[in-house]
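Listed below, chain by chain, are the residues.
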Amino acid sequence: MNSATFRGLIWNLVVGISQGRLYSIDHESVAVAAARVLTLLGEFPEGLCSIMVVKDDLVFNNTLFREAGIHGDKLVRLLGAKGISRVEFRQGVSAGEIRQLFGDLAAATAPPGRYEHIRLGRVELGVAGPIADAGPVDDPFHAEQLARVQEVYGQVSPFRELPIVGLEEVVSTFLLTLRRGANLMRMLSPVKLYSEHTYTHALNVSILAMALAENLGFKDASVQAIGIAALLHDVGKLLIPKEILHKPGKLSNEEFATIQKHPLYGAAYLARVEGLTPLAVLAALEHHRKFDTSGYPVLRENGRRQHAASQIVAITDFYDALRSHRPYRRSLSTTEVLGIMQKESGTGFNPGLLNRFTALMMQAAAAE
Ligand SMILES: [Fe+2]
Ligand SMILES: [Fe+2]
């Protein structure tokens, strides 16, 4: 997939919707545009294509496409008119469904319908004023991201490749929210249900890791890759028997050793996912290793430092693990958690990164 594919897709979507305004969806010109869209979708891995409107730009499967030109602007406007900020085509989509979509988007008043293989998102990111002033990130927004992660995590199985498209979108959405000046503290989910802990923890670590990466001046693509890596850092836990993972009492040495295998399980699992950032594999493997090269798992090149992305995930993971409420203890305040982490500066964590993170969190806490 390349710029020509993106351009072709934009052009044919615009044509299809415009023609849908003039003719019925059975008209040949609408059918031709739908057939072309279908052919172009075939160029996307596994036929999955998500198009997101980010400000005035279009993002295809996590790739920001800045050369969309006037047709891109037109598509942004057409989608915006219906309050749509995301269109996702899934494998199995038919020309008939695409024609239906054209008709619905062309219609002056009717809201878009439902389709089996097309999902439309109405993530309201275009609200006026900074989100920080609008109170905590509104629930429907967060709920949608959480549902996404839950959906993807639910498909983790040693026998199946992880569908990562949804996760890229989650990360882009949060990054955009961060850039709009949302308060970091308010973006973190409280852990309401213990069963949701895995997903809320994944989201929180991802948000924090991206905020830290942004603060450190990483480039866009790296910030997003770190966000994805953070979202998946504990994926190996899903490959550990639930009886051990959620055991309420004290773990035996053997059970503890099994849980400590989650970085290895996660890395091995993620290494097989095509198109996934290699940072995800590294962060899964190294997030419980320490800055002084101790920690687990013990690796062959044990003296080597963690990758910078893993150091970021290690810090943000530890922070979220301590701050969130667990059944067996009260949650700690930001200052308490940062104080505990400071004691491990230079041993557990990279001191420079930890200082940056501390400053970032204290600033967010003060502004909350
Ligand atoms: Fe972990
Ligand atoms: Fe974790």
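Residues numbered from 1 in each chain as written. Chains lettered and ligands numbered in written order. Predicted model: local features only at pLDDT ≥ 70, side-chain atom pairs only at ≥ 80, totals over all residues. Heavy atoms only, no water.

Visitor: Explain helix 13 (residues 278-286) here, please?
Guide: Since the α-helix packs 3.6 residues into each turn, any two residues three or four apart lie on the same face. When we look at burial in helix 13, the residues that qualify are L279, A280, A283, A284, L285 and E286. Those residues of helix 13 that are buried are in contact with helix 9 (220-231), helix 12 (262-270) and helix 14 (308-323). (Buried < 20%, exposed > 50% of the residue type's maximum accessible area, 1.4 Å probe, protein only. Helix = DSSP H or I, 4+ residues; strand = E, 2+ residues; numbered from the N terminus. Contact = heavy atoms within 4.5 Å.)

Visitor: Can you help me understand the layout of surface pockets in this one?
Guide: Empty space among the atoms becomes visible once a probe the size of a water molecule is rolled across them. Of the pockets and cavities examined, the second largest pocket occupies roughly 470 Å³. Taken together, the elements giving at least two residues each to the lining of the second largest pocket come down to strand 2 (57-60), strand 3 (63-65), helix 6 (165-179) and helix 9. The residue inventory of the lining of the second largest pocket, partitioned by class, reads 9 nonpolar, 6 polar and 6 charged. (1 Å grid on protein atoms, 1.4 Å probe; cavity = no way out; pocket = protein on both sides within 12 Å on 5 of 7 lines; lining within 4 Å. Points joined across faces, edges and corners; volume = space filled by probe spheres on them. Nonpolar A, V, L, I, M, F, W, Y, C, P; charged D, E, K, R; others polar.)

Visitor: Would you explain the coordination of the iron ion (ligand 1) in this entry?
Guide: When a metal carries six donors in an octahedron, the ideal angles between them are 90 or 180 degrees, while four donors in a tetrahedron ideally lie at 109.5 degrees. Donor atoms from the polypeptide that coordinate the iron ion (ligand 1) comprise D234 (OD), H262 (NE2), H287 (NE2) and H288 (NE2), at 2.1 to 2.2 Å from the metal. Considering all 4 donor atoms around the iron ion (ligand 1), angles at the metal cover 86 to 178° and the coordination shape is irregular. For the iron ion (ligand 1), the single-chain donor residues occur in sequence as D-x27-H-x24-H-H. (Donors = N, O, S within 2.8 Å, 3.2 Å for Na, K, Ca; no water. Tetrahedral: all angles 85-135°; square planar, octahedral: opposite > 155°, others 65-115°.)

Visitor: For this particular structure, what's the right way to read the side chain of D320?
Guide: Along the chain, the position of D320 falls in helix 14. Apart from residues no more than four positions distant in its own chain, D320 is found in contact with H201, N204, V205 and L208.

Visitor: Quick question: what am I supposed to make of the packing of helix 9 against helix 13 here?
Guide: How two helices sit against one another is set out by the angle between their axes and by the gap between those axes. Contact geometry of helix 9 with helix 13 gives a least axis separation of 8 Å together with a crossing angle of 45°. Relative to helix 13, the element helix 9 is oriented oblique. Seen from above, helix 9 lies across helix 13 with right-handed handedness. Between helix 9 and helix 13, the contacting residues are A225, I226 and A229 on the first element and L279, A280 and A283 on the second. (Axes fitted to C-alpha atoms, helices over the stretch in contact; angles between N-to-C directions. Parallel < 35°, antiparallel > 145°, perpendicular 65-115°, else oblique. Left-handed = near helix turned anticlockwise from the far one by under 90°.)

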